[in-house]
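If you want the building blocks of each chain, they are given just below.
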Amino acid sequence: MIELIPAIDIINGQCVRLTQGDYDVKTVYSSNPTEVAIDFEQKGFKRLHVVDLDGAKSHHIVNTDVLRSITSHTSLKVDFGGGLKTDADIEEAFACGASMVTVGSVAVTSPTLFARWLRKYGSERIILGADVRNGMVSINGWKEDSSESLLPFLRYYVEQGVSHVLCTDISRDGMLGGPAFDLYTSVMREYPMLHLIASGGVSSNEDIEELERRGIPAVVFGKAYYEGKIDISKLTQPWV
């Protein structure tokens, strides 16, 4: 059964969604992310993906108050990402109640540091963020493309012990045009042991069902939910 993970992206303490990571193309869906998280839990979801977009832009953790509020008012298993660059950032995220953290840029720019975090906290708490544009891994809030090609990048970290990967196709994020099915299928074909989390482009229940048919272990969705394009009643029985 595919794991369903709703997402809350945060700017200035508000629940928002961007389009293709563009901070200038922003839609605010709620001024109270904690209420959104509580609603997700009441609908039967067990896990939540929280992205500190201010943190991603500022290169350090920012929205700790929101994270702490969500984890103190719900029992959701929260994975938190955005701007985690230092040991202090990681420790603060965990201190605020995050069960896991998603780290992307550091895995590209400081692989030794990422590998140390992986050893220290374990592969169940450190998720490798692999945000992809035109086959290359992007960093720093999707503002820069690295020279890392996705599959070799993943191969290196699988050898380091990574077991959870959040992979976002930036070109599809917030577009409601469907996920990058072939991309995720190719990753799973190469690394069937990974707990791959597909992200970007989900537009309907049918997209989620197709990801499950292709053997993708998990999926993150946001905009499709906020804009009423996903029928939660059909997802929560028996999806969650």
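Scoring rules and cut-offs
Along every chain, residues carry numbers that run from 1 in the direction the sequence is written. Owing to the predicted nature of the model, reporting of local features is limited to residues with pLDDT of at least 70; listing and counting of side-chain atom pairs is limited to 80 or more, with chain, interface and lining totals taken over all residues. Note: side-chain values were computed over all heavy atoms of the structure, leaving out hydrogens and water. Burial classes follow relative accessibility: with a 1.4 Å probe on protein chains only, a residue under 20% of its type's maximum area counts as buried, one over 50% as exposed, and anything between as partly exposed. Each helix corresponds to a stretch of at least 4 residues labelled H or I by DSSP, and each strand to a stretch of at least 2 residues labelled E; elements are numbered beginning at the N terminus. To obtain the arc, one takes the directions from the helix axis to the C-beta atoms. In what follows, residue pairs with any heavy atoms lying within 4.5 Å of each other are defined as contacts. We define a salt bridge as a contact between a side-chain nitrogen of Lys or Arg and a carboxyl oxygen of Asp or Glu at a distance within 4 Å. Strands are labelled as partners when DSSP assigns at least two bridges between them. Seen with its strands pointing away from the viewer, a crossover is right-handed when the path leading from the first strand over the helix to the second is clockwise. Here, axes are lines fitted to C-alpha atoms. For helices the fit covers the stretch in contact, and angles between N-to-C directions go from 0 to 180 degrees. Two helices that cross are described as forming a left-handed crossing if the nearer one is turned anticlockwise from the farther one by less than a right angle, and a right-handed crossing if clockwise. Classification convention: Asp, Glu, Lys, Arg as charged; Ala, Val, Leu, Ile, Met, Phe, Trp, Tyr, Cys, Pro as nonpolar; all other residues, Gly among them, as polar. Any angle that falls under 35 degrees is termed roughly parallel, while one over 145 is termed roughly antiparallel, one within 65 to 115 roughly perpendicular, and all others oblique.

1. Remarks on helix 3 (residues 64-73)
Then step 1. Taken together, the buried positions of helix 3 are occupied by Thr64, Val66, Leu67, Ile70 and Thr71. Along the axis of helix 3, the buried positions cluster into a sector of 160 degrees, meaning they face one direction only. With respect to the buried face of helix 3, the exposed residues turned more than 90 degrees away are Asp65, Ser72 and His73.
Then step 2. Residues of helix 3 that are buried sit in contact with strand 1 (3-11), helix 1 (33-42), strand 4 (47-52), strand 5 (77-81) and helix 4 (87-95).

2. Thoughts on the pattern of salt bridges
Then step 1. Enumeration according to the criterion identifies eleven salt bridges in this entry.
Then step 2. With its nearest N and O atoms 2.7 Å apart, the salt bridge here joins Lys43 to Asp39.
Then step 3. Residue classification places Lys43 among the partly exposed positions, given a relative accessible area of 31%.
Then step 4. Look at Asp39 and you get partly exposed, because its relative accessible area is 24%.
Then step 5. Arg214 is the salt-bridge partner of Glu210, the closest N and O atoms lying 2.8 Å from each other.
Then step 6. We classify Glu210 as partly exposed; its relative accessible area is 22%.
Then step 7. Here the salt bridges do not stand alone but share partners, grouping Asp182, Glu210, Arg213 and Arg214 into one network.

3. Observations concerning unusual backbone geometry
Then step 1. Backbone geometry places His59, a non-glycine residue, at a positive phi of 70 degrees.
Then step 2. Relative to the helices and strands, His59 resides in the loop between helix 2 (53-58) and helix 3.
Then step 3. The phi dihedral of Asn134 is positive, around 55 degrees, even though this residue is not glycine.

4. Concerning the pairing of strand 11 (residues 195-199)
Then step 1. Within strand 11, four of the five residues are buried, which leaves it mostly tucked inside the rest of the structure.
Then step 2. Direction of pairing for strand 11 relative to strand 12 (residues 218-221): parallel, over a ladder of three bridges. Across the sheet, the residue bridging to Ile197 is Ala218, located in strand 12.
Then step 3. For the crossover from strand 11 across helix 9 (residues 205-213) to strand 12, the handedness is right-handed.

5. With respect to the packing of helix 7 (residues 150-160) against helix 8 (residues 181-190)
Then step 1. One way to put it is that helix 7 packs onto helix 8 with a least axis distance of 11 Å and a crossing angle of 35 degrees. In this structure, helix 7 meets helix 8 at a crossing whose hand is right-handed. Taken together, the residues of helix 8 that come into contact with helix 7 (itself represented by Leu150, Leu151, Leu154 and Arg155) are Leu183, Val187 and Glu190.
Then step 2. Residues of the contact of helix 7 with helix 8, tallied by class, amount to five nonpolar, no polar and two charged.

6. With respect to the packing of helix 6 (residues 111-121) against helix 7
When two helices pack together, their arrangement is captured by the angle between the axes and the distance separating the axes.
Then step 1. One way to put it is that helix 6 packs onto helix 7 with a least axis distance of 11 Å and a crossing angle of 40 degrees. Here helix 6 lies oblique to helix 7, going by the angle between them. Where helix 6 crosses over helix 7, the handedness of that crossing is right-handed. Across the interface between the two elements, Pro111, Phe114, Ala115 and Leu118 of helix 6 pack against Tyr156, Tyr157 and Gln160 of helix 7.
Then step 2. When the residues that make up the contact of helix 6 with helix 7 are grouped by side-chain class, the tally is six nonpolar, one polar and no charged.

7. Quick look at helix 1
Residue pairs spaced three or four apart in an α-helix point in one direction, given the helix's 3.6 residues per turn.
Then step 1. Taken together, the buried positions of helix 1 are Pro33, Thr34, Val36, Ala37 and Phe40. The buried residues of helix 1 all sit within an arc of 160 degrees when viewed along its axis, so they share a single face. Seen from the open side of helix 1, the exposed residues pointing more than 90 degrees away from its buried face are Glu35 and Gln42.
Then step 2. On the buried face of helix 1, the contacting elements are strand 1, strand 2 (14-19), strand 3 (22-30), strand 4, helix 3 and helix 10 (223-226).
Then step 3. Among the residues trailing helix 1, Gly44 stands out with phi positive, at a value near 110 degrees.

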